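In case you want the letters, here they are:
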Amino acid sequence: MDVLVSLCKRRGFIFQSSEIYGGTGAAWDYGPLGVELKNNIKRAWWRDNIHLRPDMVGLDASILMHPQVWKASGHLDHFTDPMVDCKACQHRFRADKVEEQSWIHYCPATKGNKFEVPAGEPCKHCNVRRSLCPDCGKGELTTPRQFNLMFKTFMGPVEEDAAVTYLRPETAQGIFVNFDNVLQSMRLKLPFGIAQIGKAFRNEITPGNFIFRTREFEQMEIEFFVNPLETIDGRPADEVWHERWIESRFAWYQRYGMRRENLRIREHEKDELAHYAKRTVDIEYQFPIGWSELEGVANRTDFDLKQHAQFSGKSLTYFDEDRKQHVVPYVIEPSAGADRSLLAFLADAYREEEVRGDRRVVLRFHPDLAPVKIAVLPLLKKRPEIVTTAHDLRATLARRWVTVYDDTAAIGRLYRRQDEVGTPYCVTVDVQTVGDSAKGEPGDRCVTIRERDSMEQIRVPIAELQGIFERLLGDGAWADVARSYPPARG
Ligand code: ATP
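All figures in this text were calculated on a predicted structure; none of them were measured in a lab.

1. Observations concerning the overall build of the protein chain
Part 1 of the argument: Assigned secondary structure in the protein chain consists of 14 helices and 29 strands.
Part 2 of the argument: If one aligns the C-alpha atoms of the protein chain with their principal axes, the spans along those axes are about 85 × 80 × 55 Å.
Part 3 of the argument: Burial analysis of the protein chain (490 residues in total) assigns 50% to the buried set.
Part 4 of the argument: Pairs at least 24 apart in sequence give 64% of the contacts found in the protein chain among residues at least 6 apart.
Part 5 of the argument: Total accessible area on the protein chain stands at roughly 23800 Å², and carbon and sulfur atoms take up 49% of it.
Part 6 of the argument: When the 68 positive and 72 negative side-chain charges of the protein chain are each reduced to one mean point, those points stand 4 Å apart.

If you want it as C-alpha cells, here you go:
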C-alpha cells in the first residue's frame, strides 16, 4: 500500500486532504491524473449500466434530504458501528475490526520487550493473544457502545433541533424517495432500475488504509426494482435478478482488466445480514490489506419503499396491469464505491518489471480507464520543426482523446514516466519525421507509436494517426493494428 500511496502523491493522482495543515487521514484529494482516472471509472460504470441497458435510467439526488428520510430508512436508529475506547490512550476502535490490525505487545516472556504482532496472530514468544489496546499495548478496552455514523448538520440559519439534518450516508435513499417521480415521468415498466453516482458521508470510527475507508467518499449505486409476484423459470423474479446482477457486476470489473484471481464473491451469513436484506453478497478484491469488500449486492426486498410510504403517507406502489393490482416492488441493490474501485484498479494495474537490466514501474490500466491516452514526445527539443509538429499533433489528438505533450527529459525517461502513469500510447516525433530543411532533405511525415505493455514500436504516417487511434482506443487490438505497419527502431 505504501508504494501505491507514494506513487499517487508523486505522480499527481491522490494527495492527503489539507496536507499543509498535517492532513486528516479521513479524506483525500484527487490530483490532475486522479480526477481523470476516477471520472473514467464513473463514466464506464454509467455507460455500461445505464446507457447500454434498455431497463435503466439515471438520477442525481441532493445530498441534504428531509430529516424524516433517515428516520424512515432506519439510519437514525440502526446505522451504527460498535465502538470501543482504550482506557489509557483514549484511542477509539471499531469493535468488529480490532483484530484486523497489528497490535503492540509488551511480552512478559522477553522481560517486557515491545513487539508489533501481526493482525490476528498470537505473540510468538509467549503465545498470548491480544487483550489490550492494539495501539498502546497497555490500556484495557471498554465494552462496545453503538456509535451512529451519520454526520449531523443544520439546515438554515437556526441551530436548533428542528433544523437538524444529516449528510447522506448512502445515495440509495435519494432513489427510493424519487421512485414515483421517475416511474411516472419516464412511464417505466417493471423490472427497471435507477442508478446514481454521488458523494456519501460516514463518520467512520477508524478511517484508514488510504482511500479504502474515508469519511467522505463516492458511491455508484443501482436500485433495480422487480415485481415480487413474478417468477422466472419457476423461481421468484427477485432471486433470479439478484443472481443476474451479481454475475454482471462481477464481470464488470474484469471487463476493465481486473484479474479474476483477485476477485471473489462472499455470501453474507444469516446473522450478518442487514435487517432489511433477504440475501447479500459482497464482491471482494484482494487489496494490499487483504480480501475486503469492493461492492455489496443486496436484495433489500420491499423494505425501503414500504418504510417511506408509511412515513410520508404517499403511496409508493406499481400498478401491475396484468394482475390488476398494486404491488410494492422488491429491490436489488448493487452498491459500489468509486474510490474503492479506483484503489482496486490501481493495485491491479501496478507492476514492477525488469527491462534490459532496468526496473520499470508500469500501470497496466485498461485504455478506457487510463487518465492519459496518448503522450506526444519530441525526440529533440532543440529542433523547432520537431517541437512544432509535436505541439500540432497534440492539439489535433486532444480534440478526441486526453493527450499530453512532454519534452522535459530524454526520450527513455519520458517513456518510463508515461508507463508509470499508465498512458497506453506514446507518439514520438523525430528528425526523420520533419527532415532537414537546411540540407534540403524532406521529412517522411511519419511518427513512431510505442505501446505501453509490449513496448513495441511501429512507424506510421501522420495522416493515418487519427484512424489508427480510433482503432487502438476503440476495440482494436495492438497486434492487429501493428501488423499493418513496419516496426520502428527502439
Ligand atoms: P464496510 O463493511 O467496508 O464498512 P459497508 O458494508 O458498510 O462497508 P456499504 O454500505 O455496502 O458498505 O456501501 C457500499 C460500498 O460503498 C462499499 O462496498 C464500498 O465500496 C463503499 N464504501 C462504504 N463505506 C466506505 C468508506 N467509508 N470509504 C470508502 N468507500 C466506502
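2. Concerning the site of the ligand
Part 1 of the argument: In the vicinity of the ligand there are 16 residues, among which E204, R213, T214, E293 and L294 approach most closely.
Part 2 of the argument: In the model, a nitrogen atom of the ligand is placed 2.8 Å from a nitrogen or oxygen of the E204 side chain.
Part 3 of the argument: Residue T214 places a main-chain N or O atom 2.8 Å away from a nitrogen atom belonging to the ligand.
Part 4 of the argument: Contributions of two or more residues to the shell around the ligand are made by strand 12 (216-226), strand 17 (290-301) and strand 20 (330-337).
Part 5 of the argument: The element that contributes the greatest number of residues to the shell around the ligand is strand 17, accounting for four residues.
Part 6 of the argument: Across the shell around the ligand, the residue classes break down as four nonpolar, five polar and seven charged.

3. A closer look at the sheet that holds strand 5 (residues 92-94)
Part 1 of the argument: With antiparallel pairing, three strands are arranged side by side in an open sheet as 5-4-8. At either end of the open sheet lies a strand with only one pairing partner, and these are strand 5 and strand 8 (145-148). Sheet twist, expressed as the mean angle between neighbouring strand axes with direction ignored, is 50°.
Part 2 of the argument: Taken together, the four bridges between strand 4 (residues 80-85) and strand 8 define a ladder with antiparallel strand orientation. Considered in strand 8, the bridge of M83 is made with R145.

4. A look at a nonpolar patch on the surface
Part 1 of the argument: Where nonpolar side chains cluster on the molecular surface, the patch consists of L379, L380 and V431 and spans about 210 Å² of accessible area.
Part 2 of the argument: Positionally, L380 belongs in the loop between strand 23 (374-378) and helix 10 (384-398).
Part 3 of the argument: The exposure class of L380 is partly exposed, given its relative accessible area of 38%.

5. Description of the environment of F179
Part 1 of the argument: As for its placement among the helices and strands, F179 is situated in helix 6 (residues 179-186).
Part 2 of the argument: Counting along the chain gives 126 residues from F179 to L305, while the straight-line C-alpha distance between them is 8.2 Å.

6. Observations regarding the packing of helix 2 (residues 32-51) against helix 7 (residues 237-255)
If you want to describe how two helices pack, look at the angle between their axes and the distance between the axes.
Part 1 of the argument: In the contact formed by helix 2 and helix 7, the axes pass within 12 Å of each other and the chain directions differ by 140°. As judged from the angle between their axes, helix 2 and helix 7 are oblique. Between helix 2 and helix 7 the crossing geometry is right-handed. On helix 7, the residues touching I41, A44, W45, D48 and N49 of helix 2 are W245, R249, W252 and R255.
Part 2 of the argument: Its residues assigned to classes, the contact of helix 2 with helix 7 comprises five nonpolar, one polar and three charged.

7. Re the side chain of S341
Part 1 of the argument: In this fold, S341 is placed in helix 9 (residues 338-349).
Part 2 of the argument: Judged by relative accessible area, which is 0%, S341 ranks as buried.
Part 3 of the argument: Setting aside chain neighbours within four positions, we find S341 in contact with I41, M220, Y253, M258 and L294.

8. With respect to the pattern of salt bridges
Part 1 of the argument: Going through the model one piece at a time under the given rule, you end up with 51 salt bridges.
Part 2 of the argument: Between R383 and E385 there is a salt bridge, and its shortest N-O distance comes to 3.5 Å.
Part 3 of the argument: By relative accessible area, E385 is classed as partly exposed at 27%.
Part 4 of the argument: Salt bridges sharing common partners tie together E353, R360, R364, R416, D419 and R450.

9. Overview of the sheet that holds strand 25 (residues 425-429)
Part 1 of the argument: On the basis of which strands lie adjacent, the open sheet formed by five strands has the order 24-23-25-28-29 and mixed pairing. Each having just a single partner strand, strand 24 (403-405) and strand 29 (457-461) make up the two edges of the open sheet. Going across the sheet, the axis of each strand differs from the next one's by a mean of 25°, ignoring polarity.
Part 2 of the argument: Relative to strand 29, strand 28 (residues 446-451) runs antiparallel, the two being bridged by five bridges.

Parameters at a glance
- Residues numbered from 1 in each chain as written.
- Predicted model: local features only at pLDDT ≥ 70, side-chain atom pairs only at ≥ 80, totals over all residues.
- Heavy atoms only, no water.
- Helix = DSSP H or I, 4+ residues; strand = E, 2+ residues; numbered from the N terminus.
- Buried < 20%, exposed > 50% of the residue type's maximum accessible area, 1.4 Å probe, protein only.
- Contact = heavy atoms within 4.5 Å.
- Areas by Shrake-Rupley, 256 points an atom, 1.4 Å probe, with all protein chains shown as cover.
- Lys, Arg positive; Asp, Glu negative; His and termini not counted.
- Charge placed at Lys NZ, Arg CZ, Asp CG, Glu CD.
- Near = heavy atom within 4 Å.
- Polar contact = N/O pair within 3.5 Å; in protein donor to acceptor, adjacent residues only side chain to side chain.
- Nonpolar A, V, L, I, M, F, W, Y, C, P; charged D, E, K, R; others polar.
- Pairing = 2+ DSSP bridges.
- Axes fitted to C-alpha atoms, helices over the stretch in contact; angles between N-to-C directions.
- Patch = residues over 30% accessible without salt bridge, like charges linked within 9 Å, V, L, I, M, F, W, Y side chains within 5 Å.
- Salt bridge = Lys/Arg side-chain N within 4 Å of Asp/Glu carboxyl O.
- Parallel < 35°, antiparallel > 145°, perpendicular 65-115°, else oblique.
- Left-handed = near helix turned anticlockwise from the far one by under 90°.

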